[in-house]
Amino acid sequence: MINEKYDLKKEIEIVREDCLRPTRRWGRSTQIWIGCLLIMIGWGIYCYIHQLRQGLGVTAMRNYVSWGLYISTFVFFIGISHSGTLVSAILRITKQEWRRPITRSAELLTFVSLLFGGIMPIIDLGRPDRLVNLVIFGRVQSPLMWDIISICTYFVGSSVFLFLPMIPDIALCRDRLTVCETRFDKFRKWLYTKMAIGWKGTKTQWHLLEKSMTIMTIIIIPVAVSVHTVVSYIFAMTLRPGWDSTVFGPYFVAGALYSGSAGVILGMAAFRKLYHLEKYITKRHFDLMGRIVLALTLIYAYLNLNEYWIPAYKMATSEGHLLEDLFYGSYSKLFWTLQFGTVLLPILILSIPKGRTVLMISITCIIIVIGAWVKRYVIVVPTLLHPFMPIQEVPKDWSTYFPNWVEFSITGACLAGIFLVITLFSKLFPMMAIWEVEEGLLIEHDRQLAIDIRLKREASERVINIEKLNGEKVSTEVEPIKPTVITS
Amino acid sequence: MKSIIINRYFLKKLGFTIAVSSILFNISTAQITEKRTTTIQLSFYKKANISKTIVGTVKAKNEEGKFLPAINAKVNFYLVNNNAQTFLKAAYTNKAGKANIILPENLPLDTGHCFTIAAKIENDKVFEDAVEELRYKEANLELKLAPYDTSRIAKAVLKTIGKNGEVIPVQDVEIKFYVKRLFGFMPAAEDYTLATDENGEASFTYPKDIMGDTAGILTVVARIDDNELFGNMEYQAVTAWGTVLLKEKEPFPRALWEPYAPLPLIITIAVLFGGVWFTYLIIFYSLYKIKKEKSDEQIEFEAIIKQ
Amino acid sequence: MNDDLNKSRRNFIKKASLAAGITLAAGAIGIEKFLSAKSVPKKKTLVLTPDGKVYQANCGELKEFNPPPVSNLEARKGIPNKKFVMVIDEAKCDGCKACTEACQSMHFIESDREWIKVFKMQDSESTSPYFFPKPCFHCDNPPCTKVCPVNATFKRQDGIVLIDNERCIGCRSCMVACPYSTRFFNWSHPKADQIAETGNMQYSPELSLPRRMGTVEKCDFCPDMIRKGLLPACVSGCAMDAIYFGDQNEDAVTNASGVTVKFSQLLEDNAGYRHLEDLGTEPRVYYLPPKNRKYPKPDMNASGKELNQTEMKMGDMRMSE
Ligand code: SF4
Ligand code: SF4
C-alpha cells in the first residue's frame, strides 16, 4: 500500500545527480581557491628550503624549547585524523542509519590530516636527509618508532577504509563519464577505470566488499586508538613534569576524538553549503553530531580534570612550578581561555537544544578545533620551559618561545595542503557515499513496505478479533503511510 | 705525572690556543715595560731507576704582586760540575708554568755520587733572569715482592753508593706505598708511609680489598716524594694481589637503552601490528578477488561458448 | 712465576717510560713547532721515535702527535671492564667555571652552550645555596638513549653515553627526554672559525668533532683522553680540585692534582649522593654535599640579574625534590 507517487528509481537518480554534480564543474571560485592554496604551499616550500639550508636555527626553537609548533601541529593533525574512525566506523558498527551521507567526508578528513600529520615530524627533523636511517638502524624501543609504525599502519588502514566504500561510486563515475573530449576528461576516465578495479557490481563483488568493510570497520578502531596513545607516549615516556603522566594516552585519545569530530562537523557544514547538499546533510545530522561532540567534550573535560587536578592537589616540586606557571604565571591567560573556551563553552552551548543549530554548532566547532590546536601547544611548550634544572645564564631566546614566520609559513602550507587535497578530492569523487545513501533509501523503502504489511495484518487481525467479540464486520481500510526518506 | 696531564692541552689544541694566547701575550708584553720578577723551583723525578726528569716550575709576579705560573718561558738547564756549567737543554714552560727535560742516562757524577742541575731564565723578553740550582744524590729504589707469598708484603729497598764505591743502605727515608690506578696512584691504606730501617728497607703489607683487573693483577708502587737528597723516586711492580674483577657477563644485554630490544617488547609489537597487517592482507586479497571477478554477462558468455 | 712477573714488569716499565717520553717529546715538539713557525724557521729538536731511538729533526718536518681516532664500532663498544664515574665535591667548588672553560676549549664549543655548566642552586629558601657543576650524568638507565629511534646515541660498556653525529637524524627526542637539560642541538652550521679548526678532523663519536648541523651534542667524558690515560678536560681544569674522575671497577677516582682516593670511601666519608636520585636514571656522576665550605656561597640575588630571564621566580631556582 505504498504511496504510488513515490518512485524509488527516480529518487536514486536524484541522489546520484546531486552527488556527481560537483565533479563536473570547476567554477571560477574553485580555481581562485586552489590558486590561493598553491601560493601558500609554494611559500611554505620556499621557507622549508630556507630551513633545510640554514638549519632549524631559522625557527624560533632553541635548546630548551626544542620541540615547538611543528610537533604541536603534528599532534593536532593526528588528533583530527580520529574523526573518520569515530564517525564512520563507530556509527557503522552501531548501524546508525543517519551516518550515510557524512561518512565519506569523515574518512577523507582522516586520510588527509594523517597524511600531513605524518609530514610534520619530518619537517621538524634536523637531518631529513638521513630518514633512511630509521629503516637501517631503527630501534623498536623508541616511542618515535612506535609512532612511525602505528601511523603507517593507520595511514594504510584509513586509506583502505576510505577507498573500499568508494569503489562502487568510482565505478559509477566511470560509467557516467561517457564523453571524454578534453584531456582532463580522458585523464579522469583513466583514473576512474584504474581505481574502480573492475567493479561490475556482481553479487560476489558486493559480498566481498561488504565483508571487507565489516573487517576494516572493526580493525580500524583499535588502530586509531593506538595511534593517538602512542603519539602521547613520545611525551609521556619522558620524566618531564607535565608529561610524566599516566592518563596521557586516554587524554590524548579523548582530545583527538573531540577535536576530530568537531572537524567533521566543519567539513559537513562546508560541503553542505558549497555543494548544496542540504537535502541530505540535514539539521538532524548536526543535532546528532552536536550531541556526540557534547559527549566527547564531557569525556575530555573529565580527563582534563584528572590531568590537572591530581598534580595540582599535590603540588610536587617540579610539577608545581609548571602548574603555577599555567595557573597564574605567564601561560595563565592562554590556559584559562582554553579551559573556558574549549571545555566549558561547548558544554554550555551544546547542551541546550537551541545551541544545536547548524550555525551555533559550526561556530562552536571552529572554537573547538582552534582551541585543540592551541592546547597541543600548551601541552608541549610550557613543559619544555620548566625543566628540572633551573634555566640560568642562557641567551635570552633560549628561555622564551613563540613560533616565528618560518614555522608559521611551513605549518600554514601544510594546512593549505590539507585543504587542497580535500578540494581536489571533492572535485574528482562524490563527497557522499552514493551507494550507501541508496542503500539507505532501499532500506527505508523496505521498512515502509514492511510496516505497511504489518499494519495491514494487524488491522485484519484486529478486525477478526473484533468480529469474534462483536460478531460484526469492520472496515479494513488503513491509511497509507508516506515513506519518509531518512534525510527529511 | 701532573706535567703530563697538563701537557695534553698542547697536544690537543696546539696551534690554536697557543697562537691566541701568544698573541695576547705579545700584546701584554708591549705594554709592560719592566720585566716580571720570576722564581724557579726545581724538582727531580726518577722512575724505575732509569728515566730521570728534571722539572722546573716557573712563577712570575703579576701586577698585583701575586706569583702565578709563567707560561711559555724559556728555561735553560745546565749540568754544574766543579763550577763548570754544561748546557743540557732548553724547555718552555707550559700552562702550569712547568718546563721539563729528560736527563741523559749516564750523567757524570761528582765525588759524593751526586749531580747538580741549574735552571736559568736568561735574556727573556718578559721575565727577569732567574737561577736555581739543586744537588741530588743518585740512589736506587727497588720494590721486592715475595712471589708465592699470600702475606702481601712489599719490601722497598733504598740504596746508594758510598765514598769508596760500596753499596750502602739509606736509613730514615720516608717511602710511600701506592696502588696504580687508571689516572694516578692511590695510597694503599690510610697509613701508607714507612721509613726505611738500618738496612734501607721498608716492608709494607698491602690490604686485601684492593680491586685488581679481571685476573686480580694490579701494579703496586713505592715512591719517595720530595726528598731533599734524592728528589722524587718511584718504582713499580706488578702482582696478583688484587680482588678479581668479575667480568660483566653481558656488556650489551637486551635492554631499552641498548640497540637490541627486550624480547617481550618485540613480541608485543610484532603480535599487535602483525595482526593488523595480516588483516590488511586479507582485505587486499579481497580487493584482488574483486578485481579478478567476472561480470554476470561474461560468465553467461563463457557458458555459452562452452556449450 | 717470578720470571713472568719480572718480565711483564720490565715490559711495563719500558712501555710506561716510553709513553711518558713520547708524550713529553710531543708536547715539546708542539711548542717548538709553533715557535719555529713564528720566529726561527729552521729549528732542530730531539725526537724520540716509537722504537726508542732519539734523533735530531727539523721542526718543520715534524707533525703533531695525533693518533687516529678509534673506529665507529670500537667507539660504540667502549673500553671493556671499565665503569667510569665522576665525583663532584660541592664543598670545594667555588663557582669559578674553570671546568667549563677547559671543556669549551677542548671541544671547540660555541660560547652559548656549556657541556659542563655551573649552576647556582638552592634547594629551598631556608637552605644554603651552593654551586653545582653539571656535566652529562652518563646515566645507567639513560632516558635519552632509550628514546633514540636510530641508535645514534648509545651506551657503552664502560658506562659512557655518546652520540654518533653521523647517524643522528636530529629528531631531538633525546633532548626532551633528558631530565637534566644536558643536550644541545646544532641549530645552524658551525661558525666559520670552527670549521677552519675542526673541519679536517677525522670524525669519531669519541671526539664529537667536527660537529654537524642538525645533530645533537653533549658532554662525552672525553673518551679520547681516557684512552690516552688522561683525565677529562673539566677534571684537570678544575683549580679547586673539586672534580674527581676514575674507574668504578678500580674503586678509585683522581682529581686535577693527581690525588687518587678510594671511590667508595670518598662517598662514604662525605655522604655522597646523586642528583634527583628518585628519577631512577642512575647517574654515573656523584656529588658530595657542600659541607664546611671555605669560600663564599653563591649570591642568589645577584644571580637573578644574570639570569636573562626576567620572570624567573625563586621557585624556579630551586631544584626539584
Ligand atoms: S644526563 Fe641526560 S644526556 Fe646524559 S645520560 Fe643522563 S639522560 Fe642522557
Ligand atoms: S636527536 Fe639524534 S641522538 Fe637524539 S634521539 Fe634523535 S636521532 Fe637520536
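1. So, the environment of Thr 423 of chain A
All names here are of chain A.
For step 1, the next point in the chain: Note that Thr 423 resides in helix H16 (residues 405–428).
For step 2, the next point in the chain: With a relative accessible area of 10%, Thr 423 lands in the buried category.
For step 3, the next point in the chain: With near-sequence residues (within four places) excluded, Thr 423 lies in contact with Thr 30, Trp 33, Ile 34 and Leu 37.

2. Details of a nonpolar patch on the surface
Residues and elements named next belong to chain A.
For step 1, the next point in the chain: Taken together, the side chains of Leu 345, Leu 359, Met 360, Ile 363 and Ile 367 present a nonpolar region at the surface, about 400 Å² in accessible area.
For step 2, the next point in the chain: The element contributing the most residues to the nonpolar patch is helix H15 (residues 358–384), with four residues.
For step 3, the next point in the chain: Mapped onto the elements, Leu 359 comes out in helix H15.

3. Some details on unusual backbone geometry
All names here are of chain C.
For step 1, the next point in the chain: Residues Leu 209 and Pro 210 are joined by a peptide bond in cis, for which omega reads -10°.
For step 2, the next point in the chain: Within the fold, Pro 210 resides in the loop between helix H6 (192–198) and strand E9 (216–217).
For step 3, the next point in the chain: Even without glycine at this site, Lys 97 takes up a positive phi of about 65°.
For step 4, the next point in the chain: With respect to the helices and strands, Lys 97 occurs in the loop between strand E3 (84–89) and helix H3 (98–107).
For step 5, the next point in the chain: Here Lys 97 falls in the partly exposed class, since its relative accessible area comes to 25%.

4. Re helix H7 (residues 143–163) of chain A
For step 1, the next point in the chain: With 21 residues, H7 of chain A extends 29 Å between its outermost C-alpha atoms, agreeing within 8% with the 30 Å of an ideal straight helix rising 1.5 Å per residue.
For step 2, the next point in the chain: Within H7 of chain A, 15 of the 21 residues are buried, leaving the element largely enclosed by the surrounding structure.

5. A short note on the interface of chain C and chain A
For step 1, the next point in the chain: Between chain C and chain A, the contact holds 61 residues from the first and 49 residues from the second.
For step 2, the next point in the chain: Summed over both partners, the interface of chain C with chain A comes to about 4,700 Å²; 55% of that surface belongs to carbon and sulfur atoms.
For step 3, the next point in the chain: The tally of links between chain C and chain A comes to three salt bridges.
For step 4, the next point in the chain: Measuring nitrogen to oxygen at the nearest pair gives 3.7 Å for the salt bridge that ties Lys 120 of chain C to Glu 393 of chain A.

6. Focus on a negative patch on the surface
For step 1, the next point in the chain: There is a patch of like negative charges on the surface, built from Glu 34, Glu 122, Glu 128 and Asp 129 of chain B.
For step 2, the next point in the chain: By relative accessible area, which is 47% here, Asp 129 of chain B ends up partly exposed.

7. Regarding the domain arrangement of chain B
For step 1, the next point in the chain: Here the domain parsing of chain B yields domain 1 (38–137), domain 2 (139–239) and domain 3 (255–279).
For step 2, the next point in the chain: For domain 2 of chain B and domain 3 of chain B, the distance between their C-alpha centroids amounts to 58 Å.

8. A look at the pattern of salt bridges
For step 1, the next point in the chain: Counted under the stated rule, the structure contains 44 salt bridges over all chains.
For step 2, the next point in the chain: Glu 436 of chain A is the partner of Arg 92 of chain A in a salt bridge, and the nearest nitrogen-oxygen pair spans 2.8 Å. In this pair, Arg 92 of chain A is assigned in helix H4 (residues 82–93) and Glu 436 of chain A in helix H17 (residues 434–470), connecting sequence segments 344 residues apart.
For step 3, the next point in the chain: In this structure, Asp 124 of chain A and Arg 172 of chain C form a salt bridge, with 2.7 Å as the shortest nitrogen-oxygen distance. Placement of Asp 124 of chain A in helix H5 (residues 103–124) and of Arg 172 of chain C in the loop between strand E7 (161–163) and helix H5 (173–177) is noted, with the two residues assigned to different chains. As far as burial versus exposure is concerned, Asp 124 of chain A and Arg 172 of chain C are alike and both buried.

9. Here we look at the layout of surface pockets
Residue and element names in this part refer to chain A.
For step 1, the next point in the chain: In this structure, the second largest pocket spans a volume of roughly 1,100 Å³.
For step 2, the next point in the chain: Lining the second largest pocket are 37 residues; nearest its centre among them are Ala 270, Phe 271, Leu 274, Phe 419 and Ile 422.
For step 3, the next point in the chain: Contributing elements (two or more residues each) for the lining of the second largest pocket: helix H1 (8–24), helix H2 (28–54), helix H3 (69–80), H5, helix H11 (248–274), H15 and H16.
For step 4, the next point in the chain: Class assignment for the residues of the lining of the second largest pocket results in 22 nonpolar, eleven polar and four charged.

10. Considerations on the site of ligand 1
For step 1, the next point in the chain: Taken together, the neighbourhood of ligand 1 is formed by 13 residues, with Cys 136, Phe 137, Cys 139, Cys 144 and Cys 178 of chain C sitting nearest.
For step 2, the next point in the chain: Of the residues assigned to the shell around ligand 1, the class counts are nine nonpolar, two polar and two charged.

11. With respect to the sheet that holds E3 of chain C
All names here are of chain C.
For step 1, the next point in the chain: Pairing is mixed across the open sheet formed by five strands, whose spatial order is E12-E11-E10-E3-E13. One side of each edge strand has no neighbouring strand; the edge strands of this open sheet are strand E12 (260–262) and strand E13 (285–288). Each adjacent strand pair in this sheet contributes to an overall mean axis angle of 30°, direction not counted.
For step 2, the next point in the chain: Looking at chain direction, strand E10 (residues 243–247) and strand E11 (residues 252–254) are connected through three bridges and run antiparallel. Each bridged residue has a counterpart across the sheet, and for Asp 247 the counterpart in E11 is Ala 252.
For step 3, the next point in the chain: Sheet contacts for helix H9 (residues 263–270): E3, E10, E11, E12 and E13; angle to E12, the most-contacted strand, approximately 70°.

Procedures and definitions
Residues numbered from 1 in each chain as written. Chains lettered and ligands numbered in written order. Predicted model: local features only at pLDDT ≥ 70, side-chain atom pairs only at ≥ 80, totals over all residues. Heavy atoms only, no water. Helix = DSSP H or I, 4+ residues; strand = E, 2+ residues; numbered from the N terminus. Buried < 20%, exposed > 50% of the residue type's maximum accessible area, 1.4 Å probe, protein only. Contact = heavy atoms within 4.5 Å. Patch = residues over 30% accessible without salt bridge, like charges linked within 9 Å, V, L, I, M, F, W, Y side chains within 5 Å. Areas by Shrake-Rupley, 256 points an atom, 1.4 Å probe, with all protein chains shown as cover. Salt bridge = Lys/Arg side-chain N within 4 Å of Asp/Glu carboxyl O. Expected span 1.5 Å × (residues − 1). Buried area = accessible area lost by both parts, 1.4 Å probe. Lys, Arg positive; Asp, Glu negative; His and termini not counted. Charge placed at Lys NZ, Arg CZ, Asp CG, Glu CD. Domains from an automatic or database assignment. 1 Å grid on protein atoms, 1.4 Å probe; cavity = no way out; pocket = protein on both sides within 12 Å on 5 of 7 lines; lining within 4 Å. Points joined across faces, edges and corners; volume = space filled by probe spheres on them. Nonpolar A, V, L, I, M, F, W, Y, C, P; charged D, E, K, R; others polar. Near = heavy atom within 4 Å. Pairing = 2+ DSSP bridges. Axes fitted to C-alpha atoms, helices over the stretch in contact; angles between N-to-C directions.

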